[in-house]
Amino acid sequence: MTNMPIDLRASLAGFDQLWSPRIVTRVNDYDVRVAKVAGEHVWHAHDDTDEFFLVIEGELSIALRDTASGERVVELPQGSVFVVPRGVEHRPFSPRGASILLFEPTGTSSVGDRHDEIPGHVDATTGHPLA
């Protein structure tokens, strides 16, 4: 990783794959990742870590399931942030598409520790380096 400024728009322009996060930098033991998303991800949960979302462009929705409150959907317009608590099942989706930034411990899988069957359009990865 470099200690130079990183242009997130240029980083996002460097790839087209959906649901396939790219690591733009690291902060201590955490990856800062960007991703392009459209359609639906997979229901999944991260047992040992929260998951931070920042919507750079577009709108993102996150369906949440937990034993206390059942199922609900959080709507995130451009510029919004949201943290999914560890252990909570969730499914991000974006009908019109969005660009997002994620902040997660290095090595965290994009489909979590527990997940439904992974559809072909979702990349099960711990993040790809920027080209």
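Refer to the preceding data block for the structure.
Just so it is clear, the structure is predicted and the values come from calculations on it, not from any experiment. (Residues numbered from 1 in each chain as written. Predicted model: local features only at pLDDT ≥ 70, side-chain atom pairs only at ≥ 80, totals over all residues. Heavy atoms only, no water.)

Applying the stated criterion across every chain yields a total of ten salt bridges. Between Asp16 and Lys36 there is a salt bridge; the shortest N-O distance is 3.8 Å. Of the two residues, Asp16 sits in the loop between α1 (8–13) and β1 (22–27) while Lys36 sits in strand β2 (residues 30–40), which places them 20 residues apart along the sequence. Judged by its relative accessible area of 65%, Asp16 falls in the exposed class. With relative accessibility at 19%, the residue Lys36 sits in the buried group. Across the salt bridge formed by Glu71 and Arg65, the nearest N and O atoms sit 3.4 Å from each other. Assessed through its relative accessible area of 51%, Glu71 is described here as exposed. One connected set of salt bridges, linked through shared partners, spans Arg26, Asp31, Arg33 and Glu104. (Salt bridge = Lys/Arg side-chain N within 4 Å of Asp/Glu carboxyl O. Helix = DSSP H or I, 4+ residues; strand = E, 2+ residues; numbered from the N terminus. Buried < 20%, exposed > 50% of the residue type's maximum accessible area, 1.4 Å probe, protein only.)

On to unusual backbone geometry. At Trp19, a residue that is not glycine, the phi angle is positive and equals roughly 55 degrees. If you trace the backbone, Trp19 turns up in the loop between α1 and β1. Despite not being glycine, Asn28 shows a phi value in the positive range, around 55 degrees. Summarising the element assignment, Asn28 is placed in the loop between β1 and β2.

Looking at the secondary structure, you find His44 in strand β3 (residues 44–45). Reaching out from His44, the side chain makes a polar contact with the backbone oxygen of Val42 at a distance of 2.8 Å. When neighbours within four sequence positions are excluded, His44 is seen to be in contact with Glu51, Val88, Glu89, His90, Pro92, Ser110, Val111, Gly112, Arg114 and His115. (Polar contact = N/O pair within 3.5 Å; in protein donor to acceptor, adjacent residues only side chain to side chain. Contact = heavy atoms within 4.5 Å.)

Moving on, we get to the packing of aromatic side chains. Applying the stated criterion across every chain yields a total of two aromatic pairs. When the centroid spacing of 5.0 Å and the interplanar angle of 10 degrees are considered together, the rings of Tyr30 and Phe103 count as stacked. Taken as a pair, Tyr30 in strand β2 and Phe103 in strand β8 (residues 89–105) lie far apart in primary sequence, 73 residues in all. Arranged with centres 6.5 Å apart and planes meeting at 85 degrees, the rings of Phe52 and Phe103 form a pair that is edge-to-face. Here Phe103 lies in strand β8 and Phe52 lies in strand β4 (residues 51–58), a separation of 51 residues in the sequence. Residue Phe103 is classed as partly exposed on the basis of its relative accessible area, which comes to 30%. Feature note: the residues Tyr30, Phe52 and Phe103 constitute an aromatic cluster, connected by ring pairs. One Lys or Arg, Arg22, reaches over the ring of Phe15 and ends 4.5 Å from the middle of that ring. (Phe/Tyr/Trp six-rings, centres within 6.5 Å; stacked < 30°, edge-to-face > 60°. Lys NZ or Arg CZ within 6 Å of the ring centre and 35° of its normal.)

Burial analysis of β8 places 13 of its 17 residues in the buried class, which makes it a mostly covered element. Of the pairings in the sheet, the one linking β2 to β8 comprises ten bridges and is antiparallel in character. Pairing of Val37 across the sheet is with Ala98, part of β8. Alignment of β4 against β8, held across six bridges, turns out to be antiparallel. Considered in β8, the bridge of Leu54 is made with Leu101. Both strand β5 (residues 60–66) and β8 contribute to a ladder of five bridges, which runs antiparallel. Counted as the bridge partner of Ser61 is Phe93 from β8. (Pairing = 2+ DSSP bridges.)

Purely geometric numbers; function is a separate question.
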